[in-house]
Amino acid sequence: MRRFSTVPFKGTKEQEAQLLSWLEEHKTMPGVAMPALQKAQEIYGYLPIEVQRIVADALGKPLAEIYGISTFYSQFSLCPKGEYKISVCLGTACYVKGSGKIYEALQQKLGITGGECTADGKFSLDACRCIGACGLAPVMTINDDVYGRLTGDELDSILAKY
């Protein structure tokens, strides 16, 4: 999995102003780095290096420290999410019924690895552990749409809907 996005950063001045305002208001709070990154991700949707640099500069902390927090905790994403978020269940029931192959096929079809977003920003791909639809295994979701009993043959037609 790549650690950085290949999608160009498209932050706005409004987003930056919102983040800087929050940082100014909270910068003296003990342990502020973690909530600052949570707020930044809430505003931007992910934490590209440009946003990490804004946080580091505003808090007077080294970029390496902010990057370390951003990469340590799984709640943070360094890559943007696509307009359509694909999640393939790799829980036991789904995996036994072939979801690993579905996940690999999607990576190949989309030209990305797990955790990444296509260059056009249309699709992002992630794996998850059990979505509670074991009777439909193997299962994937695209945003709120659930697709079950996948064989892999239907992936092109499913993706074409989006």
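Refer to the structure above for everything that follows.
Calculation notes
- Residues numbered from 1 in each chain as written.
- Predicted model: local features only at pLDDT ≥ 70, side-chain atom pairs only at ≥ 80, totals over all residues.
- Heavy atoms only, no water.
- Helix = DSSP H or I, 4+ residues; strand = E, 2+ residues; numbered from the N terminus.
- Buried < 20%, exposed > 50% of the residue type's maximum accessible area, 1.4 Å probe, protein only.
- Contact = heavy atoms within 4.5 Å.
- Areas by Shrake-Rupley, 256 points an atom, 1.4 Å probe, with all protein chains shown as cover.
- Lys, Arg positive; Asp, Glu negative; His and termini not counted.
- Charge placed at Lys NZ, Arg CZ, Asp CG, Glu CD.
- Axes fitted to C-alpha atoms, helices over the stretch in contact; angles between N-to-C directions.
- Parallel < 35°, antiparallel > 145°, perpendicular 65-115°, else oblique.
- Left-handed = near helix turned anticlockwise from the far one by under 90°.
- Phe/Tyr/Trp six-rings, centres within 6.5 Å; stacked < 30°, edge-to-face > 60°.
- Core = buried A, V, L, I, M, F, W, Y, C linked by side-chain atoms within 4.5 Å.

A short note on the overall build of the chain
Then, number 1: When its secondary structure is counted, the chain shows 7 helices and 4 strands.
Then, number 2: Put simply, the chain runs from its N terminus to its C terminus through helices and strands in the order α-α-α-α-β-α-α-β-β-β-α.
Then, number 3: C-alpha atoms of the chain, sized along the principal axes, occupy 55 × 30 × 25 Å.
Then, number 4: Out of the 162 residues belonging to the chain, those deemed buried represent 43%.
Then, number 5: Look at the contacts in the chain between residues 6 or more apart in sequence, and 62% of them connect residues 24 or more apart.
Then, number 6: Surface exposure of the chain reaches about 8,900 Å², of which carbon and sulfur atoms provide 52%.
Then, number 7: Each charge class in the chain can be summarised by its mean position, and for the 17 positive and 18 negative side chains these summaries are 5 Å apart.

Points about the packing of helix H1 (residues 13–26) against helix H3 (residues 49–59)
Then, number 1: Where H1 contacts H3, the axes come no closer than 10 Å and their chain directions differ by 30 degrees. Classified by the angle between their axes, H1 and H3 sit roughly parallel to one another. Between H1 and H3 lies a crossing of right-handed hand. Seen from H1, the contacting residues are Glu16, Leu19, Leu20 and Leu23; seen from H3, they are Val51, Ile54, Val55, Ala58 and Leu59.

Brief notes about the packing of aromatic side chains
Then, number 1: Counted under the stated rule, the structure contains 4 aromatic pairs.
Then, number 2: An angle of 40 degrees between the planes, with centres 5.8 Å apart, marks the rings of Phe9 and Tyr44 as tilted. Placement of the pair is Phe9 in the segment before H1 and Tyr44 in helix H2 (residues 33–44), with a sequence separation of 35 residues.
Then, number 3: Relative to Tyr73, the ring of Phe72 lies with its centre 4.9 Å away and its plane at 85 degrees, an arrangement referred to as edge-to-face.
Then, number 4: Phe72 sits in the exposed class, given a relative accessible area of 63%.
Then, number 5: Through successive ring pairs, a cluster of aromatic residues spans Tyr84, Phe123 and Tyr162.

A look at the nonpolar core
Then, number 1: Leu19, Leu23, Leu37, Leu47 and Val55 are the most contacted members of the largest nonpolar core, which totals 20 residues.
Then, number 2: Of all elements in the fold, only H1, H2, H3 and helix H4 (63–72) reach the threshold of two or more residues within this core.
Then, number 3: The greatest single-element share of this core, amounting to 6 residues, is contributed by H2.
Then, number 4: Not counting chain neighbours up to four residues away, the residues in contact with Leu37 comprise Leu47, Val55, Ile66, Ile69, Ser70 and Phe76.

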